[in-house]
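Structure assessment
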Amino acid sequence: MKIMTLPCDGIGPEIMAATLQVVHAANDRFDLDMTFHEEQSGFESLKTHGVTLREEVLERARTGFDGVILGTQSHMDYPPVAEGGRNVSAGFRIGLDLYANVRPARSRDFLANKAPGMDLVIMREATEGFYPDRNMFKGVGEMMPDPDMALSVRKITRHGSMRICREAFKLAMQRDKKVAAIHKANSFLMTDGLFLECFRQVAKDYPEVETEELIVDAFAALLVRKPETYDVVVATNFYGDILSDLASELSGSLGLAGSINANAETGLCCAQAQHGSAPDIAGRNVANPTSLILSAAMMLSWLGERRGVPKLMHAGKAITDAVDAVIDDPDKRTRDLGGSVNTDAFGQHVADALSRQAVAA
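Residues numbered from 1 in each chain as written. Predicted model: local features only at pLDDT ≥ 70, side-chain atom pairs only at ≥ 80, totals over all residues. Heavy atoms only, no water.

**Concerning the nonpolar core**
If you look at soluble globular proteins, the nonpolar side chains tend to sit buried side by side. The test is simple: Nonpolar cores are built from buried Ala, Val, Leu, Ile, Met, Phe, Trp, Tyr and Cys residues. Side-chain atoms within 4.5 Å join them into one set. Per-residue accessibility, obtained with a 1.4 Å probe over protein chains only, is compared with the maximum for each type, and a residue is labelled buried under 20%, exposed over 50%, and partly exposed between these values. The helix and strand labels rest on DSSP assignments: H or I over at least four residues marks a helix, E over at least two residues marks a strand, and numbering proceeds from the N terminus. Throughout, a contact is declared for two residues whenever any of their heavy atoms are within 4.5 Å.
Within the largest apolar cluster, 74 residues are counted, with the highest numbers of intra-cluster contacts made by Ile69, Met123, Val179, Val234, Met299 and Leu300. The element best represented in this core is helix α9 (residues 290-307), accounting for 10 residues. If sequence neighbours within four positions are ignored, Val179 has contacts with Ala168, Phe169, Ala172, Phe199, Val209, Glu210, Thr211, Glu212, Val232 and Val234. One finds Ala105, Ala115, Ile182 and Leu214 within the second-largest nonpolar core, a separate group that totals 19 residues.

So this is what it looks like as structure tokens:
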């Protein structure tokens with residue numbers, strides 16, 4: 001199995017190295033026969049190739065690899081697109097049609113959090129919505145008719161809405177059989193109205209699943225008030241992005257938030273930390289790599305489930321269990337969680353925990 005890695009910007013190279021420590025340990029323990037190939041992206045690629053993400057990298061990922069582990073990017077600091085500053089994350093999501101951005105948020109009893117009992121997954125549509133760099137065939141979805149006016153276009157399609165809702169219901173069938181659809185159809189009558197129409201249509205195929213429709217601002221309040229109520233949450237791109245950050249922070253830290261971008265039809269999957277590139281601490285070996293480690297675990301589990309390969313699913317769960325075992329110990333936590341452990345040392349702790357699991361087994 002071939003995995004492409006792209007360290008990208010900021011803390012990306014550091015958390016990628018720590019993640020690969022863990023993934024290599026899982027590779028050895030479960031005999032996964034994984035090989036790894038690193039590609040340039042972000043500022044490194046811009047310097048070498050004149051663009052932050054080359055089209056040939058996407059083509060190789062599409063045709064020659066089983067999975068991708070993508071580091072963090074400093075997109076806000078890139079030059080304009082015309083000067084090579086392509087959004088790397090959006091490039092993968094659009095270029096590989098990775099429409100399902102799966103973002104779990106789980107509180108841990110042994111770690112301080114603001115949402116006891118939270119264990120939910122936000123299914124975020126990732127290829128359209130209010131994002132101007134991914135909602136037009138040509139050009140971008142923002143424009144300025146004059147210097148004092150800016151307009152933005154939102155795109156919601158039946159195709160995009162149906163497939164993310166299907167993935168949400170499929171996931172709910174493996175969990176507590178509850179799905180909440182997030183919308184603002186009282187204001188966005190057509191766009192969110194279409195999304196809800198698709199949600200209701202898909203719901204007819206899953207009569208066992210309990211459904212709920214919640215206005216986005218009300219759901220944000222309810223997520224704070226009673227987070228333990230929710231199981232699977234499905235949302236369009238913009239809502240899902242904001243709400244998943246809120247849920248992750250409530251559960252303990254954005255640094256604990258794993259995430260994958262996937263396409264169930266093509267079988268392509270990309271692991272990506274939910275947080276940004278944190279350039280202020282880049283190069284200091286103090287970043288928390290947990291989010292990318294858990295994202296890699298999610299990728300292995302997702303690939304294992306789609307391909308019917310149990311050892312991939314076992315590897316994903318083992319990595320997640322090893323992460324929990326490490327952060328359960330206050331002396332092994334990174335600085336953002338109140339500890340003093342460096343990035344590379346944390347990766348080694350998790351890799352060692354995997355090895356101890358193997359001995360115990």
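**Structural notes on the pairing of strand β10 (residues 232-235)**
Rule in force here: Note: two strands are recorded as paired if DSSP finds a minimum of 2 bridges between them.
Alternating positions in β10 separate into two faces, Val232 and Val234 on one and Val233 and Ala235 on the other, with burial throughout. Summarising the sheet, strand β5 (residues 119-125) and β10 pair through four bridges and their orientation is parallel. Bridged to Arg124 within β10 is Ala235. As judged from the three bridges shared by strand β8 (residues 178-183) and β10, these two strands associate in the parallel manner. Each bridged residue has a counterpart across the sheet, and for Val179 the counterpart in β10 is Val232.

**Some points on the packing of aromatic side chains**
Spelled out, the test is: Working definition: a ring pair exists when centres of Phe, Tyr or Trp rings (six-membered ring for Trp) sit within 6.5 Å. Plane angles under 30 degrees give stacked, over 60 give edge-to-face, the rest tilted. Counted as over-ring charges are cases with an Arg CZ or a Lys NZ within 6 Å of the ring centre that also lie within 35 degrees of the ring normal.
Applying the stated criterion across every chain yields a total of seven aromatic pairs. Between Lys2 and the ring centre of Phe65, over which it is positioned, the NZ or CZ distance is 4.8 Å. The residue whose ring lies beneath Arg154 is Phe188, and the NZ or CZ to ring-centre distance is 5.1 Å.

**Thoughts on the pattern of salt bridges**
The cut-off we apply is this: Any carboxyl oxygen of Asp or Glu that lies within 4 Å of a side-chain nitrogen of Lys or Arg is treated as forming a salt bridge with it.
Scanning all chains against the criterion turns up 23 salt bridges. Linking Arg54 and Glu39 is a salt bridge whose minimum nitrogen-to-oxygen distance equals 3.2 Å. Here the residue Arg54 occupies a position in the loop between α2 (42-49) and α3 (55-64), and Glu39 occupies one in the loop between β2 (35-38) and α2, the gap between them amounting to 15 residues. The exposure class assigned to Arg54 is buried, which follows from its relative accessible area of 12%. Between Asp241 and Arg103 there is a salt bridge, with its nearest N and O atoms 3.2 Å apart. In this pair, Asp241 sits in helix α8 (residues 237-250) while Arg103 sits in strand β4 (residues 100-106), placing the two residues 138 residues apart along the sequence. In this structure Asp241 comes out as partly exposed when scored by relative accessible area, which is 21%. For Arg103, a relative accessible area of 5% translates into the label buried. Bridged by salt links that share partners, the residues Glu39, Arg54, Glu56 and Arg60 form one connected network.

**Comments concerning the packing of helix α5 (residues 158-174) against helix α6 (residues 191-203)**
The test is simple: Fitted lines through C-alpha atoms serve as axes, helices being fitted only where they are in contact, and the angles separating the N-to-C directions of these axes extend from 0 to 180 degrees. Orientation categories follow fixed angle ranges, with anything under 35 degrees roughly parallel, anything over 145 roughly antiparallel, 65 to 115 roughly perpendicular, and all other angles oblique. In this scheme the crossing of two helices becomes right-handed for a clockwise turn of the near helix relative to the far one and left-handed for an anticlockwise turn of less than a right angle.
Put simply, α5 and α6 touch, their axes get as near as 9 Å, and they point 45 degrees apart. Comparing their axes, α6 and α5 come out oblique. Considering how the two elements wind past one another, α5 and α6 form a crossing that is right-handed. Between α5 and α6, the contacting residues are Arg158, Ser161, Met162, Ile164, Cys165, Arg166 and Phe169 on the first element and Leu194, Phe195, Glu197, Cys198, Phe199, Gln201, Val202 and Ala203 on the second.

**Considering the side chain of Asn288**
Inclusion rule: Throughout this description, a polar contact denotes any pair of N or O atoms lying within 3.5 Å of each other; where both atoms belong to protein, one of them has to be capable of donating a hydrogen while the other can accept it, and for residues adjacent in sequence the pair is counted only when both atoms sit in side chains.
One can find Asn288 in the loop between β12 (268-272) and α9. Side chain to side chain, Asn288 and Thr334 meet in a polar contact 3.3 Å long. In this structure the side chain of Asn288 is engaged in a polar contact, spanning 3.1 Å, whose partner is the side chain of Asp336. If we ignore the near neighbours within four places in the chain, the residues touching Asn288 are Ile15, Gly255, Leu256, His275, Thr334, Asp336 and Leu337.

**Quick word on the packing of α3 against helix α4 (residues 88-95)**
The geometry of α3 relative to α4 is characterised by a closest axis approach of 10 Å and an angle of 45 degrees between their N-to-C directions. Taken together, the axis directions place α3 and α4 in an arrangement best described as oblique. Classified by chirality, the crossing of α4 by α3 is right-handed. On the side of α3, the interface is formed by Val57, Leu58, Ala61 and Arg62, while α4 contributes Gly91, Phe92 and Gly95.

**Focus on a nonpolar patch on the surface**
We count it as follows: Residues enter patches when their relative accessible area tops 30% and they take part in no salt bridge; the joining distance is 9 Å for like charges and 5 Å for the nonpolar side chains Val, Leu, Ile, Met, Phe, Trp and Tyr. In this description, accessible areas are obtained by the Shrake-Rupley approach with a 1.4 Å probe, and a residue is regarded as covered only by the protein chains that are shown.
Side chains of Met143, Met149 and Leu151 sit close together on the surface and give an oily, nonpolar patch of about 240 Å² of accessible area. With respect to the helices and strands, Met143 occurs in strand β6 (residues 142-146). Classification of Met143 by relative accessible area gives partly exposed; the value is 37%.

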